[in-house]
Amino acid sequence: MRVIHVPVCYRTTNCYLLCDEHAKKCAVIDPGGDAEKIIANIEESGCDPVAILLTHGHYDHTGGIRGLKERFDLPVYMNSADICENSNDRRALRLFPKICNTVNYEDGDTVTVGGLQIRVIATPGHTLGSVCLLVNDTIFTGDTIFAAAIGRTDLPRSDSKKMADSLKKLTSIQGDYKILPGHMAATNLCDIISVANYYINLYSN
């Protein structure tokens, strides 16, 4: 397994290529923008893309989808709770642009990329449809948790109580995993436990 980090959206969002180099297949995780840059990295990797995997539906994690789909015929996986096209909330509609023909995935589902089995962990809070993606020794956490903070819960279709429950779920995972978040630097599961506990206590009161 190889992970290629592709910073997009003026380097503020972390897009990742998750590659099975033996099978020469890869998935694109959170293509927030700069589709041509992502495509160049895919071509350089020597792997054929088979799917786009979203940790949530915010525009800064989805902005490159159109360009990728114009180049490749890829299914887009997203939890359906982040489909927001029928909302009357204009701010929510700006945060959650319409993405056509997504494939829903939920807690406990798996997506296969070559020989890699990617497990979906539902972690609502930052958005109602936020998920983390666990594969081998790595968890892609999107905007659920970062090295020293968590995703905002004051936005439309976010929920601080659900975030507390999601942080409890993440910190209950046994073992030390590499954490690759949607923004900022990588960390590991052991190091984010104190961060998670702070917000669990804050939101549980």
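Everything below is about the structure shown above.
Presented here is an overview of the structure given in this document. What you see is a predicted model, and the numbers here were worked out from it, not measured in a lab. (Residues numbered from 1 in each chain as written. Predicted model: local features only at pLDDT ≥ 70, side-chain atom pairs only at ≥ 80, totals over all residues. Heavy atoms only, no water.)

## Considerations on the pairing of strand β10 (residues 138-142)
- Of all the 5 residues making up β10, 5 are buried; the element is thus mostly covered by neighbouring parts of the structure.
- Of the two faces of β10, the one carrying Thr138, Phe140 and Gly142 and the one carrying Ile139 and Thr141 are both buried.
- Alignment of strand β9 (residues 131-135) against β10, held across 3 bridges, turns out to be antiparallel. Residue pairing across strands places Val135 opposite Thr138, the latter belonging to β10.
- The antiparallel pairing of β9 with β10 creates a hairpin that spans 2 residues between the two strands, and Asn136 there sits at a positive phi of about 50°.
- Alignment of β10 against strand β11 (residues 178-181), held across 4 bridges, turns out to be parallel. The residue of β11 that forms the bridge with Phe140 is Leu180. (Buried < 20%, exposed > 50% of the residue type's maximum accessible area, 1.4 Å probe, protein only. Helix = DSSP H or I, 4+ residues; strand = E, 2+ residues; numbered from the N terminus. Pairing = 2+ DSSP bridges.)

## Overview of the nonpolar core
- In terms of nonpolar packing, the biggest core is built from 22 residues, with Leu17, Val28, Ile38, Ile42, Ile52 and Leu68 touching the most fellow members.
- At the level of elements, β1 (2-8), β2 (13-20), β3 (25-29), α1 (35-45), α3 (65-71) and β5 (76-78) are the ones that each hand at least two residues to this core.
- Within the second largest apolar cluster, 20 residues are counted, among which are Ile150, Met163, Ile179 and Ile192. (Core = buried A, V, L, I, M, F, W, Y, C linked by side-chain atoms within 4.5 Å.)

## Remarks on the sheet that holds strand β4 (residues 48-53)
- With mixed pairing, 6 strands are arranged side by side in an open sheet as β1-β2-β3-β4-β5-β6. Taken across any chain shown, the strands that pair with only one partner, and hence form the sheet edges, are β1 and β6 (102-104). The sheet shows a mean angle of 30° between the axes of neighbouring strands, direction not considered.
- Relative to the sheet, α1 contacts β1, β2, β3 and β4, its axis offset from that of β1 by approximately 160°. (Axes fitted to C-alpha atoms, helices over the stretch in contact; angles between N-to-C directions. Contact = heavy atoms within 4.5 Å.)

## A word on α1
- For α1, the set of buried residues is Ala35, Ile38, Ile39, Ile42 and Ser45. Angular distribution of buried residues about the axis of α1 spans 120°; they occupy a single face of the element. Seen from the buried face of α1, the exposed residues on the opposite side, beyond 90 degrees, are Glu36 and Glu44.
- After α1 finishes, the residue Gly46 shows a positive phi value of roughly 80°. (Arc of directions from axis to C-beta.)

## With respect to the side chain of Thr123
- Looking at where Thr123 falls in the secondary structure, it is placed in the loop between β8 (116-122) and β9.
- Relative accessible area serves as the criterion here: at 0%, Thr123 is assigned to the buried category.
- At 3.1 Å, the side chain of Thr123 forms a polar contact with the side chain of Thr144.
- Dropping the residues within four chain positions of it, Thr123 is found in contact with Ser130, Val131, Cys132, Thr144, Ser166 and Leu170. (Polar contact = N/O pair within 3.5 Å; in protein donor to acceptor, adjacent residues only side chain to side chain.)

## A closer look at the packing of aromatic side chains
- Per the stated rule, a full pass over the model turns up 4 aromatic pairs.
- Aromatic pair Tyr198 and Tyr199: ring centres 5.0 Å apart, planes at 90°, arrangement edge-to-face.
- The positively charged end of Arg157 is found above the aromatic ring belonging to Phe96, 5.8 Å away from the centroid. (Phe/Tyr/Trp six-rings, centres within 6.5 Å; stacked < 30°, edge-to-face > 60°. Lys NZ or Arg CZ within 6 Å of the ring centre and 35° of its normal.)

## Comments concerning unusual backbone geometry
- Despite not being glycine, Cys9 shows a phi value in the positive range, around 55°.
- With respect to the secondary-structure elements, Cys9 resides in the loop between β1 and β2.
- The buried category is assigned to Cys9, whose relative accessible area is 18%.
- Within the chain, Asn101 stands out as a residue other than glycine whose phi angle is a positive 55°.
- Looking at the element boundaries, Asn101 is found in the loop between α4 (90-95) and β6.

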